[in-house]
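Structural overview for review
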Amino acid sequence: MSNLTPVAQIEQRIYYIRGEKIMIDRHLAELYGVETRVLKQAVRRNIQRFPEDFMFVLRKDEFKDWRSQCVMSNADKQGLRHPPMAFTEQGVAMLSSVLKSDRAIEVNIAIMRAFVQMRQMLETHEDLKRKIEEMEAKYDQQFGIVFEAIRQLLEEDDKPQRKIGF
């Protein structure tokens, strides 16, 4: 799989919408090496495999927000007249049963690894935060300033960073 798509590249295409980590249909189609319309058609033919917690269509406001988040050229914006389908981790896993090819299997494995890696990073971040709070409770006020500075640094990491440039 490493010769197809690195996990880091996949992670850049995972968005948070409705409190879920999702991937957009056009990005998945690109990774799978099929046209977006082919992917959507396969999903519609097997719609019973994709309940709302596996796949949903972005609402107009979500679609607008997503488009504003992405730095897209005019060529990328063409063909986006309709809100895209958004696939949760389970929905992406289900795609492998709908798109039957060796590439689909390999890409699916890479995407699952990306989701797992992101989950592990979030858990590590939470563990670090919890350990600092435990240490703060143990030690007296003389270290309070240090712990407050560390907490502020951790909270800054949680905020989404603004993109620089055009």
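Residues numbered from 1 in each chain as written. Predicted model: local features only at pLDDT ≥ 70, side-chain atom pairs only at ≥ 80, totals over all residues. Heavy atoms only, no water.

Within a sheet, neighbouring strands are paired by backbone hydrogen bonds and run either parallel or antiparallel to one another. Taken in spatial order, the four strands line up as S1-S2-S4-S3 in an open sheet, and their pairing is antiparallel. Edge positions in the sheet fall to strand S1 (15-17) and strand S3 (55-57), since each has one partner strand and no second. Sheet twist, expressed as the mean angle between neighbouring strand axes with direction ignored, is 45°. Bridge analysis of strand S2 (residues 20-24) against strand S4 (residues 85-87) gives two bridges, and the strand direction is antiparallel. Counted as the bridge partner of Ile 24 is Ala 86 from S4. (Pairing = 2+ DSSP bridges. Helix = DSSP H or I, 4+ residues; strand = E, 2+ residues; numbered from the N terminus. Axes fitted to C-alpha atoms, helices over the stretch in contact; angles between N-to-C directions.)

It is worth spelling out the pairing of S2 at this point. Within a regular strand, the side chains alternate between the two sheet faces. Of all five residues in S2, four are buried, a share of seventy percent or more. In the sheet, S1 pairs with S2 via three bridges, with the strands oriented antiparallel. Residue Tyr 15 lies in a different strand from S2, and its bridge partner there is Ile 22. Taken together, S1 and the strand that follows it, S2, pair antiparallel across an intervening segment of two residues, in which Arg 18 is found at a positive phi of about 55°. (Buried < 20%, exposed > 50% of the residue type's maximum accessible area, 1.4 Å probe, protein only.)

Let us look at the side chain of Lys 21. Position of Lys 21 relative to the elements: it lies in strand S2. Ignoring sequence-local partners within four residues, the contact set of Lys 21 consists of Ile 14, Tyr 15, Tyr 16, Phe 87, Thr 88, Glu 89, Phe 115, Met 118 and Arg 119. (Contact = heavy atoms within 4.5 Å.)

Examined against the element boundaries, Phe 147 turns out to sit in helix H8 (residues 144-158). Once the C-alpha coordinates of Phe 147 and Ile 132 are considered, the two residues, 15 residues apart in sequence, prove to be 7.3 Å apart.

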